[in-house]
Amino acid sequence: MEGRKVIGWAARDVSGHLSPYTFTLRKTGAEDVGLEVLYCGVDHTDLHQMRSEIMPINYPLVPGHEIVGEVVEVGSEVIKFKLGDKVGVGCIVSSCGECLSCNSNSEQYCSERVLTTGGIHRDGTPSHGGFSSAMVVNQKFVVKIPEKLALEQAAPLLCAGVTAYSPLKQFNSPDKAINAGILGLGGVGHLAAMGHHVTVISSSERKRVEALQHLHADSFLVSSNAAEMERTAASLDYILDTVPAVHPVDPYISLLKVGGKLTFVGVATKPLHFNTEDLLLGKKTLTGSFIGSIGETQEILDFWAEKSLSSMIEVVKMDYINKAFERLEKNDVRFRFVLDVAGSNLE
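Residues numbered from 1 in each chain as written. Predicted model: local features only at pLDDT ≥ 70, side-chain atom pairs only at ≥ 80, totals over all residues. Heavy atoms only, no water.

K.L.:
I'm lost on the overall build of the protein chain in this one. Help?
P.N.:
Helix and strand counts for the protein chain stand at 10 helices and 17 strands. Whereas a compact globule of 347 residues would reach a radius of gyration of roughly 20 Å, the protein chain reaches 20 Å, a difference of no more than 12%. The principal-axis extent of the C-alpha atoms belonging to the protein chain is close to 60 × 40 × 35 Å. Pairs at least 24 apart in sequence give 65% of the contacts found in the protein chain among residues at least 6 apart. (Helix = DSSP H or I, 4+ residues; strand = E, 2+ residues; numbered from the N terminus. Rg over C-alpha atoms; globule rule 2.2 N^0.38 Å. Contact = heavy atoms within 4.5 Å.)

Take a look at the structure:
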């Protein structure tokens, strides 16, 4: 695909407005896979990146890091994939391959990782994401989409799904009943379960029916209801905090049992604040988790296919993308937008 011109939709400045953009794919190397993009999930982190809210951005920026495509070219040393394979690409497309993180299947924590969007490849070219017609990616950062899994359903798993899956694996014990709290019923939150007793925590009653009847959560807790919060105090083994915005932390720390853990997976653009007293007196832990490894990404895809699970998505075309981000910011989506890239007129 060397020298091939492709069309994507890019942000040109911090307004985050997207419009058609033509660029040249980087050279296809010996271990690279060339793919035609079929679908791409729409993530809140895309919005942060487009507005340069979490890292400096060199515009134009082509977003999209939940990419499903079809292999149309393979390098001379590619052994994992063949032409016609349906594949996925998540949040990173390169790492050093030599550090402790890379050698322990935790390449997402490599200090030299290259993000799928907004990064710089080793040859100096910018990394562009899945809001485009085609990509070139090293085979190590590509996963196989199981045949039993619908392609549009696979997209949200490549970031949102594995972001929930990776930190929750440590609590997956068949010998112990686990009480879980999921803070934020959105793109990540609605994918978190792992068979635990799940309490969805939300700031209002608006999503109660959705959580209990449609997603089959075990209970629903309104964080603005002081009586409900008091009744639930010290009852949860862990809380997965998926909120991608500034919010209070102390009320949720109070919900943890002794030794409980609150794990942040949502990106807040400003510092969060908390008091240490409840942490000290309850031996509680605040921690974070960044997406998941390539191996874990393959695991969740295979698990979803094996169990015939599905995400709640709304499939849209590229000409709707700016409206989709407006709705995403208002939390007006059940619960994930997926772009039908192949079915869109990108020009």
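K.L.:
What should I look at first to understand the pairing of strand β13 (residues 236-241) in this one?
P.N.:
The side chains of a regular strand alternate between the sheet's two faces. The buried fraction of β13 amounts to 6 of the 6 residues, a majority that puts the element mostly inside the structure. Examined bridge by bridge, β13 and strand β14 (residues 256-264) share 5 bridges and lie parallel to one another. Within β14, the residue paired with D241 across the bridge is F264. (Buried < 20%, exposed > 50% of the residue type's maximum accessible area, 1.4 Å probe, protein only. Pairing = 2+ DSSP bridges.)

K.L.:
Before we go on, may I ask you to explain unusual backbone geometry in this structure?
P.N.:
Glycine aside, negative phi is the norm for most residues, and most peptide bonds take the trans geometry. Note that the residue after Y59, namely P60, is joined by a cis bond; omega there is 0 degrees. Within the secondary structure, P60 sits in the loop between α1 (44-50) and β4 (67-74). The step from R334 to F335 runs through a cis peptide bond, and the omega angle for that step is -20 degrees. A positive phi angle, close to 50 degrees, is found at K283, a residue other than glycine. Positionally, K283 belongs in the loop between α8 (277-282) and β15 (285-288).

K.L.:
Looking at this structure, how should I read the sheet that holds β14?
P.N.:
Across a sheet, paired strands are connected by hydrogen bonds in the backbone, their directions being either parallel or antiparallel. Read across the open sheet, the 6 strands follow the order β12-β11-β10-β13-β14-β15; overall the sheet is parallel. Every interior strand has two partners, whereas the edge strands, β12 (219-222) and β15, have only one. Adjacent strand axes in the sheet meet at a mean angle of 20 degrees when their direction is disregarded. Pairing of β14 with β15, which is carried by 4 bridges, proceeds in the parallel orientation. Looking at β15, one finds that F264 is bridged to G288. (Axes fitted to C-alpha atoms, helices over the stretch in contact; angles between N-to-C directions.)

K.L.:
Before we go on, may I ask you to explain helix α10 (residues 321-329) in this structure?
P.N.:
Two residues of an α-helix separated by three or four positions point the same way, owing to the 3.6 residues in each turn. Those residues of α10 lying buried are I321, N322, A324, F325, R327 and L328. On the buried face of α10, the contacting elements are β1 (5-11), β2 (18-24), β3 (32-42), α1, β16 (313-316) and β17 (336-340). Positive phi appears at N331, one or two residues downstream of α10, with a value of about 60 degrees.

K.L.:
Please explain the pairing of strand β10 (residues 179-183) as it appears in this structure.
P.N.:
Counting buried positions over the 5 residues of β10 gives 4, a clear majority of the element. Relative to strand β11 (residues 197-202), β10 runs parallel, the two sharing 5 bridges. Each residue of the ladder has a partner; that of L183, found in β11, is I201. In the sheet, β10 pairs with β13 via 4 bridges, with the strands oriented parallel.

K.L.:
Would you explain the nonpolar core in this entry?
P.N.:
A general feature of soluble globular proteins is that nonpolar side chains tend to end up buried together. Ranked by internal contacts, the top residues of the largest apolar core, which has 68 residues, are F131, I321 and F325. At 7 residues, the largest contribution of residues to this core is made by β3. Core analysis: the second largest hydrophobic core is formed by 18 residues, L168, F220, V222 and M312 among them. (Core = buried A, V, L, I, M, F, W, Y, C linked by side-chain atoms within 4.5 Å.)

K.L.:
I keep staring at the state of the cysteines and nothing clicks. Help me out?
P.N.:
Between two cysteines, a covalent bond joining their sulfur atoms is known as a disulfide. Considering all chains together, one arrives at 0 disulfides under this definition. As a non-bridged cysteine, C102 has C99 as the owner of its nearest cysteine sulfur, 3.6 Å distant. The buried category is assigned to C102, whose relative accessible area is 13%. C96 supplies the cysteine sulfur nearest to C110, a cysteine that is in no disulfide, at a spacing of 3.6 Å. (Disulfide = S-S within 2.5 Å.)

K.L.:
Looking at this structure, how should I read the side chain of R26?
P.N.:
Mapping R26 onto the fold places it in the loop between β2 and β3. In this structure R26 comes out as buried when scored by relative accessible area, which is 18%. Separated by 3.0 Å, the side chains of R26 and D32 make a polar contact. At 3.5 Å, the side chain of R26 and the backbone oxygen of V136 are in polar contact. In this structure, R26 is in contact with D32, H121, D123, T125, V136, V137 and N138, ignoring residues within four places of it in sequence. (Polar contact = N/O pair within 3.5 Å; in protein donor to acceptor, adjacent residues only side chain to side chain.)

K.L.:
What exactly am I supposed to notice about the packing of aromatic side chains here?
P.N.:
For any pair of aromatic rings, the description rests on two quantities: the centre-to-centre distance and the angle between the ring planes. Taken as a whole and judged by the stated rule, the model has 3 aromatic pairs. For the ring pair Y21 and F23, a centre distance of 5.7 Å and an interplane angle of 20 degrees mean the geometry is stacked. Comparing Y21 with F23, the two get one shared label, buried. (Phe/Tyr/Trp six-rings, centres within 6.5 Å; stacked < 30°, edge-to-face > 60°.)

K.L.:
Looking at this model, I keep getting lost on the environment of N138. Mind explaining?
P.N.:
Structurally, N138 can be placed in strand β8 (residues 134-138). Take N138: its relative accessible area is 19%, and that puts it in the buried class. Through-space distance from the C-alpha of N138 to that of T28 is 8.8 Å; in sequence the pair is 110 residues apart. Excluding residues within four positions of it along the chain, N138 makes contact with R26, E31, D32 and V93.

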